[in-house]
Amino acid sequence: MSAAFSPKTILTGAQMLFVAFGALVLVPLLTGLDANVALFTAGAGTLAFQWITRGQVPVFLASSFAFIAPIIACNQLYGTAATMGALMAAGGAYMILSVLVRLKGTDMLHRVLPPVVVGPVIMVIGLALAPVAVNMAMGKSGDGSAQLVAYDHAIWISMLALCATLLTAVFGKGIWRLVPILAGVFVGYMCALFLGVVEFSAVQQASWVAAPAFTAPEFKWQAIAFMIPVAIAPAIEHIGDMMAISHVTGKDFLKKPGLHRTLMGDGVATTLAASVGGPPNTTYSEVTGAVMLTKNFNPRVMTWTAIIAVVLAFIGKMGAVLQTIPVPVMGGIMILLFGSIAVVGLKTLFKAHIDVSEPRNLVIIALILVLGIGGMQIGGNEFALQGVSLCAIFGILLNLILPPAQSESQN
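What comes next is a walk through the structure. (Residues numbered from 1 in each chain as written. Predicted model: local features only at pLDDT ≥ 70, side-chain atom pairs only at ≥ 80, totals over all residues. Heavy atoms only, no water.)

1. Topic: the overall build of the chain
Phase 1: Each helix and strand in the chain was counted, giving 20 helices and 4 strands.
Phase 2: Expressed as a percentage of the 411 residues in the chain, the buried residues total 54%.
Phase 3: In the chain, of all internal contacts separated by at least 6 residues, the share reaching a separation of at least 24 is 81%.
Phase 4: As displayed, the chain has an accessible area near 17500 Å², and 68% of this comes from carbon and sulfur atoms. (Helix = DSSP H or I, 4+ residues; strand = E, 2+ residues; numbered from the N terminus. Buried < 20%, exposed > 50% of the residue type's maximum accessible area, 1.4 Å probe, protein only. Contact = heavy atoms within 4.5 Å. Areas by Shrake-Rupley, 256 points an atom, 1.4 Å probe, with all protein chains shown as cover.)

2. Side note on helix α15 (residues 299-313)
Phase 1: Between the first and last C-alpha of α15 there are 22 Å, a value that for 15 residues agrees with the 21 Å anticipated at 1.5 Å per step.
Phase 2: Within the sequence span of α15, burial applies to P299, V301, M302, T303, W304, T305, A306, A309, L312 and A313.
Phase 3: Taking the backbone nitrogen of R300 as reference, a side-chain oxygen 3.0 Å away marks N298 as the first, capping residue of α15. (Expected span 1.5 Å × (residues − 1). Polar contact = N/O pair within 3.5 Å; in protein donor to acceptor, adjacent residues only side chain to side chain.)

3. Quick notes on the pattern of salt bridges
Phase 1: All told, the structure shown has 1 salt bridge when counted by the stated rule.
Phase 2: When the shortest N-O distance is used, the salt bridge between E218 and K220 registers 3.7 Å.
Phase 3: Take E218: its relative accessible area is 37%, and that puts it in the partly exposed class.
Phase 4: You can call K220 partly exposed: its relative accessible area is 30%. (Salt bridge = Lys/Arg side-chain N within 4 Å of Asp/Glu carboxyl O.)

4. Some points on the environment of S207
Phase 1: Looking at the element boundaries, S207 is found in the loop between α10 (201-205) and α11 (221-227).
Phase 2: According to the relative accessible area criterion, S207 is partly exposed, its value standing at 45%.
Phase 3: Considering only alpha carbons, one finds S207 and M318, 111 residues apart in sequence, at a separation of 9.4 Å.
Phase 4: Once residues within four sequence positions are removed from consideration, S207 is found in contact with G316 and K317.

5. Observations concerning the nonpolar core
Phase 1: Grouped together as the largest cluster of nonpolar side chains are 100 residues, with contacts concentrated most on L24 and F60.
Phase 2: Residue contributions to this core peak at 9 residues, all from helix α17 (residues 327-351).
Phase 3: Dropping the residues within four chain positions of it, F60 is found in contact with L17, A20, L24, A42, T46, T282, T283, Y284, V287, M302, T305 and A306. (Core = buried A, V, L, I, M, F, W, Y, C linked by side-chain atoms within 4.5 Å.)

6. Some remarks on the packing of helix α2 (residues 35-52) against helix α13 (residues 254-275)
Phase 1: Across the interface, α2 lies against α13 with an axial gap of 8 Å and an inter-helix angle of 150 degrees. With respect to each other, α2 and α13 are oriented roughly antiparallel. Judged by the twist between their axes, the crossing of α2 over α13 is right-handed. Mapping the contact onto sequence places T41, A44, G45, A48, F49 and I52 in α2 and R261, T262, M264, G265, D266, V268, A269, L272 and A273 in α13.
Phase 2: Taken together, the residues that form the contact of α2 with α13 break down as 9 nonpolar, 4 polar and 2 charged. (Axes fitted to C-alpha atoms, helices over the stretch in contact; angles between N-to-C directions. Parallel < 35°, antiparallel > 145°, perpendicular 65-115°, else oblique. Left-handed = near helix turned anticlockwise from the far one by under 90°. Nonpolar A, V, L, I, M, F, W, Y, C, P; charged D, E, K, R; others polar.)

Here it is as C-alpha cells:
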C-alpha cells in the first residue's frame, strides 16, 4: 500500500482537522456565515493550494481571523453577497502580491525580513493567540465575552486534554506518538461526557446528508474598496507562517516551491472560498504547531485533512457531532500548540545568533513583541492595523531605517 493511502497517514490527517476545527468554525459562527460551507472551502482551498505549490508544503488553510471584524462590518453595510465579492477581490490582491514576489525574487524578502524581524513575529503569531487558548480552556468563548462551560467543569476537561496530549507526545511509541491531538480530544471528550457538558440536540436535528448553504457573490465597488486593504494583515501573517513551517521542517519553502506560489495558493483559496459564501482562507498556525509536535512533515497528510473536511461538509450528522466537542477540550490542546509556535520564533533568533544586547536588535524585538501581543491598533474601524500585521510593519520599517548593529557592520 502506498504511504499516501496508509492508515497512519489518513489518521494523522484526521488529527490535523481536529486541531483546526475549533478555530475553523469559530469564524463563520461569529460572522454569520455557514459553518459547513467553511468546512468545505477549507478543504477545497487546501487542495487548490497544494496543486499550486506542487504538493510540497505541509500546511492546512482555513478561516482567517483577520477578516472577522471587516466581514461583520461589510455585511452590515453592503450585505452578505457583496461581502463575498469583496473577499474575492481581496484574494485577487494576494495574487498580485505573488506576481510581484515572482518578479523581484525572495532575496528582497530576506533583506526586508531578516531573523531579527522574523523571529519575534513568529513568536507573536503564537503568543498573541494565547488568550484565545486560555479563554477556551476556562470554558469561555475565544474572546472571553461568554462563559460557554462552567469553569469548575471546564478546567478539569481542558487540563486532562492537555495532559493526555503532552503525555502521548512525549512518551507515545510508534503510531501513538503521531496522534497526541486525537488522544487529547478523546480524553477531554470522555471527561466532558462524564460531567454532562456535551449537548447533542444539534445532532438529533441534523440530516445525515445535506449540502452546505452556498451563497453566490455580488460585486459592489464600495465593498471592494472597503475590503482590499484588509488583505495586508493576512498576507504578512502568511509570510510569517511560511517561515515558521520552513523552520519546523528544515526546508526553505520561500525558495521551493517559492513564496510567490504559496501566496498565489492563498489568494486562489480565498477567492474560491468567497465565490461560494465561505470565509477567506489562510495558513493555520495551529496546524504548524501540530506539525512541530508530531514531527510529521509529509504534505500528503494535509491532502487527507482537506479531503476529510470536504466529505464532512456534506455529512450533516458528522458535522453536528464535531461541533459537540466542548470548547475546553480544544482550549487545553491549543495551550500547547500556540506555545510551540512561539518556541519556533525563539529558535529563529538563536539559530541566527542574534545579539539581543545590541540596542538596535533590542528595540526591534521589543517593539514587535509588545505591539503584537499587546493588541496595539492604529487606524479607525474602516481600516485598522493591529496584531501581527502592525508589529511586522513596525519591525520591517525599523530594520530598514536603523543603522546596522556594530557586530554586523564589522563583518
